[in-house]
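Letter by letter, the chains look like this.
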Amino acid sequence: TTLGATPAAGVAGMIDHTLLKPVATREMVAQLCYEARTHHFISVCVNPYWVEFCAEQLRGSGVKVCAVVGFPLGATTPETKVYETEQCLVRGATELDMVINIGAVKSHMDDVVQQAIKLVADACRRMGALSKVIIEAGLLTEDEKVRACELSKLAGADYVKTSTGFGAGGATVEDVSLMRRVVGSTM
């Protein structure tokens, strides 16, 4: 969820209505947008291909468009993530969910991880968008979760998120609590 200025009060105004399945059709994405407008969700979250379509569908509704980058594996190059970010923002996204390079975290390549996040976060900031980092907590040890959150914060990302929904496990209360302890209340 994304907190902040919301089109509606309450829980609905904190929901990223998401459709990231590879079989998502135009009709399914249109339905996603319809539901987001109807229920006043904060955003829809879609694969990059659908960003422009969603921006058209949601124009004037107050519902934002969020796109995923490096999704779902996080194993693309930093330059690819930046290019994908810029393309999504030009097409109408105002939020980006970047999947962290999980293998680099596990390899203790903290400088590589932090630099990739910084490049995407900087591109978002230049274009007036929010940057969110998906750490795929279900694949990380506790130490790796802590480092991934610390690196996200140091790199200037706006948010950290638990998972893609495509990896091993999803959000847990323990992971959310750990992440909050690490990043504090500023993220």
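Just so we're clear, the structure is a prediction, and the values are computed from it rather than from any experiment.

1. Thoughts on the pattern of salt bridges
Pairs can form between side chains of opposite charge whenever their charged atoms are close.
Phase 1 of the analysis: Scanning the model with the defined rule gives 13 salt bridges in all.
Phase 2 of the analysis: For Lys 132, the salt bridge is made with Glu 95, and the minimal N-O distance between the two is 2.8 Å. Of this pair, Lys 132 sits in strand β5 (residues 130-134) while Glu 95 sits in strand β4 (residues 95-99), and the two are 37 residues apart along the sequence.
Phase 3 of the analysis: Residue class for Lys 132 comes out buried when judged on its relative accessible area of 1%.
Phase 4 of the analysis: With a relative accessible area of 0%, Glu 95 lands in the buried category.
Phase 5 of the analysis: Among the salt bridges present, the one from Asp 110 reaches Arg 147, with a minimum N-O distance of 2.5 Å. One end of the pair, Asp 110, is in helix α5 (residues 110-126); the other, Arg 147, is in helix α6 (residues 142-154), and 37 residues separate them in sequence.

2. Some points on the confidence of the model for the protein chain
Phase 1 of the analysis: Taken residue by residue, the protein chain gives an average pLDDT of 94. The fraction at 70 or more is 95%.
Phase 2 of the analysis: In the model, residues 1-8 has pLDDT below 50 throughout and makes 23 contacts with residues more than four positions away in sequence or in other chains.

3. Side note on the side chain of Asp 175
Phase 1 of the analysis: Along the chain, Asp 175 turns up in helix α7 (residues 173-183).
Phase 2 of the analysis: Aside from chain neighbours lying at most four places away, what touches Asp 175 is Ala 137, Lys 145, Thr 162 and Gly 170.

4. Some words on the packing of α6 against α7
Phase 1 of the analysis: Taken N-terminus to C-terminus, the directions of α6 and α7 make an angle of 45 degrees; their axes are 9 Å apart at the nearest point. Taken as axis vectors, α6 and α7 run oblique relative to one another. Where α6 crosses over α7, the handedness of that crossing is right-handed. Residues Glu 142, Lys 145, Val 146, Cys 149, Glu 150 and Lys 153 of α6 form the contact with α7, whose own contacting residues are Asp 175, Leu 178, Met 179, Val 182 and Val 183.
Phase 2 of the analysis: Its residues assigned to classes, the contact of α6 with α7 comprises 6 nonpolar, no polar and 5 charged.

5. Examining the nonpolar core
Phase 1 of the analysis: Counting residues in each nonpolar core, the largest one holds 48 residues, and the members touching the most others are Val 44, Cys 54, Val 65, Leu 96, Ile 100, Ile 117 and Ile 135.
Phase 2 of the analysis: Leaving out residues up to four positions away in the same chain, Ile 100 has contacts with Leu 73, Gly 74, Lys 81, Val 105, Val 113, Ile 117, Val 133, Ile 134, Ile 135 and Ala 148.
Phase 3 of the analysis: Counting residues in each nonpolar core, the second largest holds 7 residues, with Leu 20, Val 68, Phe 71 and Val 99 among its members.

6. Concerning unusual backbone geometry
Phase 1 of the analysis: Here the bond from Phe 71 into Pro 72 is cis, since omega is 0 degrees, no more than 30 degrees from zero.
Phase 2 of the analysis: Position of Pro 72 relative to the elements: it lies in the loop between β3 (64-69) and α3 (78-90).
Phase 3 of the analysis: Non-glycine residue His 108 carries a positive phi angle of around 60 degrees.
Phase 4 of the analysis: A positive phi angle is found at Glu 136, which is not glycine, with a value near 55 degrees.

Rules and cut-offs
- Residues numbered from 1 in each chain as written.
- Predicted model: local features only at pLDDT ≥ 70, side-chain atom pairs only at ≥ 80, totals over all residues.
- Heavy atoms only, no water.
- Salt bridge = Lys/Arg side-chain N within 4 Å of Asp/Glu carboxyl O.
- Helix = DSSP H or I, 4+ residues; strand = E, 2+ residues; numbered from the N terminus.
- Buried < 20%, exposed > 50% of the residue type's maximum accessible area, 1.4 Å probe, protein only.
- pLDDT = per-residue confidence, 0-100.
- Contact = heavy atoms within 4.5 Å.
- Axes fitted to C-alpha atoms, helices over the stretch in contact; angles between N-to-C directions.
- Parallel < 35°, antiparallel > 145°, perpendicular 65-115°, else oblique.
- Left-handed = near helix turned anticlockwise from the far one by under 90°.
- Nonpolar A, V, L, I, M, F, W, Y, C, P; charged D, E, K, R; others polar.
- Core = buried A, V, L, I, M, F, W, Y, C linked by side-chain atoms within 4.5 Å.

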